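For reference, the chains in residue letters:
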Amino acid sequence: MLLAGKVALVTGGTKGIGAATAIELARRGANVAINGRHADEDARLVQSRIEALGRRSVLVVGDMGNAADATRSVEETIRCLGAIDVLVHSAGGAVVGGLMELTLETWHRAFDVHVHALFHLCRAAIPSMRQRGEGAIIMISSVAGIRGLHFNLAYQVVKGALPQFARALAREVAPDNIRVNCICPGIIRTRFHDQMTPEQRKHNLEHRIPLRREGTPEQVATLIAEVAANDYITGETFTIDGGLTMRIA
């Protein structure tokens, strides 16, 4: 899929990996709708960077934990930009706590934002993709969905669901020339990891990441754009983690 002239929607597209992805897709020629929970300075900055590249952009404000907002984000993308060719679900956030600490509300919220939102996003986007004759759906998971992570039960479970969601949906929509893939970032320099202490960061670099450096949102965005553009990849899960998940000692 050549991205020039295509239309993309990036949820969580105002910060971190989502913002870098929106800008990278625009750099490759796509018009981009970005979703965020607020029309804040971050959102305006991403929009301005997309428009500086000569692309069209629209901000869709909404909470991906709300089914109506998820569906509306696709509908507004189509209404404002004419179609949807690429869907990237990057909205999310940390969900800290073990089994006995998590509230039922937090557990359900984690599924609403990370998993149920995808159900609603895909149901809304796929008809337009079918009409266009092609499409690409990319789900942003985490290495936490592959390997164990202390005191983050809900986060691990919802992120672990996304690779299987991608495989199952990929089989279903392959006859429509719609591809579905999953990306699992490791420790990336975003606000998500700002809570780490200097000691934790030092331990990660010296003992957990073979390449001994954190990744950047731009590196993840490049992979996302490549997977979106390559029209012979579907049902796959890619890790981008500096080697973190390959360690056995």
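Here the structure is a predicted model, which is why all the values come from computation and not from measurement.

Engineer: Any chance you could break down helix α7 (residues 217-229) for me, citing the residues and the numbers?
Structural biologist: Here α7 is 13 residues long and its end C-alpha atoms lie 18 Å apart, about the 18 Å a rise of 1.5 Å per residue gives. Within α7 the residues assigned to the buried category are P217, V220, A221, I224, A225, V227 and A228. Looking straight down α7, one finds its buried side chains confined to an arc of 165°; they lie on one side. Considering only its buried residues, α7 is in contact with α1 (16-27), β4 (86-89), β5 (135-140), β6 (178-185) and β7 (237-240).

Engineer: I'd like a rundown of empty space enclosed by the protein, residues and numbers included.
Structural biologist: Empty space left among the atoms is revealed by rolling a probe the size of a water molecule over them. Evaluated as defined, the whole model comprises 1 cavity of 30 Å³ or more. Roughly 40 Å³ of volume is contained in the largest cavity. Around the largest cavity, the lining residues are M1, E134, G135, N177, R179 and D231. Of the residues in the lining of the largest cavity, the class split is 1 nonpolar, 2 polar and 3 charged.

Engineer: Describe the nonpolar core, and please don't skip the residues or the numbers.
Structural biologist: Ranked by internal contacts, the top residues of the largest apolar core, which has 40 residues, are L87, L121, I137, M139, L169 and V180. Looking at this core element by element, the count peaks at 11 residues for helix α4 (residues 104-132). Apart from residues lying up to four places away in sequence, V180 is in contact with I137, M139, A166, L169, A170, V173, T234, G235 and E236. Of all hydrophobic cores here, the second largest spans 29 residues; its members include V10, A22, V32 and A228.

Engineer: A description of the environment of V60 should follow, citing residues and the corresponding values.
Structural biologist: Note on placement: V60 falls in strand β3 (residues 57-61). In this structure, the C-alpha to C-alpha distance between V60 and T77, residues 17 residues apart in sequence, is 7.7 Å. Apart from residues no more than four positions distant in its own chain, V60 is found in contact with I34, N35, G36, R72, S73, E76 and T77.

Engineer: Tell me what's going on with the pairing of β4, and back it up with residues and numbers.
Structural biologist: Burial along β4 is two-sided: V86 and V88 and L87 and H89, pointing in opposite directions, are all buried. In terms of strand pairing, strand β1 (residues 7-11) meets β4 through 4 bridges, oriented parallel. The residue of β4 that forms the bridge with T11 is H89. As judged from the 4 bridges shared by β4 and β5, these two strands associate in the parallel manner. Looking at β5, one finds that V88 is bridged to I138. In this fold, β4 hands off to α4, which returns the chain to β5; that crossover is right-handed.

Engineer: Can you lay out the packing of aromatic side chains for me, pointing to particular residues and giving the numbers?
Structural biologist: Per the counting criterion, the structure on display carries 1 aromatic pair. Measuring from centroid to centroid gives 5.2 Å for W107 and F111, while their planes differ by 55°, and the two rings are tilted. Here F111 and W107 lie together in helix α4, a separation of 4 residues that amounts to about one turn. Under the relative-accessibility criterion, F111 is labelled buried at 19%.

Engineer: Explain the pairing of β6 to me, using residue names and the numbers behind them.
Structural biologist: Most of β6 sits out of view: 8 of its 8 residues are buried. Judged by which residues are buried, β6 turns out to be covered on both faces: I178, V180, C182 and C184 on one side and R179, N181, I183 and P185 on the other are all buried. In this fold, the crossover linking β5 to β6 by way of helix α5 (residues 153-173) has right-handed handedness. The pairing of β6 with β7 spans 4 bridges and is classified as parallel. In the strand pairing of β7, I183 is matched with F238.

Engineer: Let's hear about the sheet that holds β1: which residues, and what values?
Structural biologist: As summarised here, the arrangement of the 7 strands in space is β3-β2-β1-β4-β5-β6-β7, forming an open sheet in which the pairing is parallel. At either margin of the open sheet sits one strand with a lone partner, and together these are β3 and β7. For this sheet the average axis-to-axis angle between neighbouring strands, irrespective of direction, equals 15°. Of the strands in this sheet, β1, β2 (31-36) and β3 touch helix α3 (residues 67-81), which is tilted by about 155° from β3.

Engineer: So what's going on with α4? Which residues, and what values?
Structural biologist: Compared with the 42 Å implied by 1.5 Å per residue over 29 residues, the 41 Å span of α4 between its first and last C-alpha is a close match. A maximum bend of about 45° is found in α4 at D112. Once α4 finishes, G133 follows within two positions and takes phi at roughly 90°, a positive value.

Reading the values: rules and limits
- Residues numbered from 1 in each chain as written.
- Predicted model: local features only at pLDDT ≥ 70, side-chain atom pairs only at ≥ 80, totals over all residues.
- Heavy atoms only, no water.
- Helix = DSSP H or I, 4+ residues; strand = E, 2+ residues; numbered from the N terminus.
- Expected span 1.5 Å × (residues − 1).
- Buried < 20%, exposed > 50% of the residue type's maximum accessible area, 1.4 Å probe, protein only.
- Arc of directions from axis to C-beta.
- Contact = heavy atoms within 4.5 Å.
- 1 Å grid on protein atoms, 1.4 Å probe; cavity = no way out; pocket = protein on both sides within 12 Å on 5 of 7 lines; lining within 4 Å.
- Points joined across faces, edges and corners; volume = space filled by probe spheres on them.
- Nonpolar A, V, L, I, M, F, W, Y, C, P; charged D, E, K, R; others polar.
- Core = buried A, V, L, I, M, F, W, Y, C linked by side-chain atoms within 4.5 Å.
- Pairing = 2+ DSSP bridges.
- Right-handed = clockwise from strand over helix to strand, strands pointing away.
- Phe/Tyr/Trp six-rings, centres within 6.5 Å; stacked < 30°, edge-to-face > 60°.
- Axes fitted to C-alpha atoms, helices over the stretch in contact; angles between N-to-C directions.
- Bend = angle between axes of the 7 residues up to and from the residue.

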